[in-house]
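Architecture at a glance
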Amino acid sequence: MDKDKIKKQAKQILDKFASALAKVDSEKIKIGVDRKRFERQEGEGEKCDSGFKKKFLQNAPEHDDDFILAERGGWK
């Protein structure tokens, strides 16, 4: 049966991965990156096109003056 064959192959793959993982020296693995500055510096930002919001809303199928109207999960 194909199901049994797939289970056997999956077990072999997992066992092979587990044995390879057991050989890894966890003391040598460093997690993360040390940096002097680890937070983003906030700035003034860039100026955007004053008509962007209007163009953006006009492109939406349904909208009012300030928001895009969408039904949650409507894409399903």
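To be clear, the structure that these remarks concern was listed above.
Scanning the protein for helices and strands turns up two helices and zero strands. Here the C-alpha radius of gyration of the protein, 27 Å, is well above what a compact globule of 76 residues would show, namely 11 Å. Taken over the C-alpha atoms alone, the protein extends approximately 60 × 50 × 15 Å along its principal axes. In the protein, which comprises 76 residues, the share counted as buried stands at 3%.

Now for the pattern of salt bridges. The full count for this structure, using the stated rule, is four salt bridges. One salt bridge in this structure joins Arg40 and Glu42, with 3.1 Å as the shortest N-O distance. No difference in accessibility class separates Arg40 from Glu42, as the two residues are exposed. A salt bridge links Asp66 to Lys53, with the shortest nitrogen-to-oxygen separation between them at 3.4 Å. Here the residue Asp66 occupies a position in the segment after helix H2 (52–59), and Lys53 occupies one in helix H2, the gap between them amounting to 13 residues.

What follows covers the environment of Glu42. Within the fold, Glu42 resides in the loop between helix H1 (2–22) and H2. On the basis of relative accessible area, Glu42 is assigned to the exposed category, the value being 65%. At a separation of 3.1 Å, a polar atom in the side chain of Glu42 contacts the side chain of Arg40.

On the surface, Phe17, Leu21, Val24, Ile29 and Ile31 cluster together into a nonpolar patch covering about 560 Å² of accessible area. By secondary structure assignment, the location of Val24 is in the loop between H1 and H2. Look at Val24 and you get partly exposed, because its relative accessible area is 41%.

About the criteria used
Residues numbered from 1 in each chain as written. Predicted model: local features only at pLDDT ≥ 70, side-chain atom pairs only at ≥ 80, totals over all residues. Heavy atoms only, no water. Helix = DSSP H or I, 4+ residues; strand = E, 2+ residues; numbered from the N terminus. Rg over C-alpha atoms; globule rule 2.2 N^0.38 Å. Buried < 20%, exposed > 50% of the residue type's maximum accessible area, 1.4 Å probe, protein only. Salt bridge = Lys/Arg side-chain N within 4 Å of Asp/Glu carboxyl O. Polar contact = N/O pair within 3.5 Å; in protein donor to acceptor, adjacent residues only side chain to side chain. Patch = residues over 30% accessible without salt bridge, like charges linked within 9 Å, V, L, I, M, F, W, Y side chains within 5 Å. Areas by Shrake-Rupley, 256 points an atom, 1.4 Å probe, with all protein chains shown as cover.

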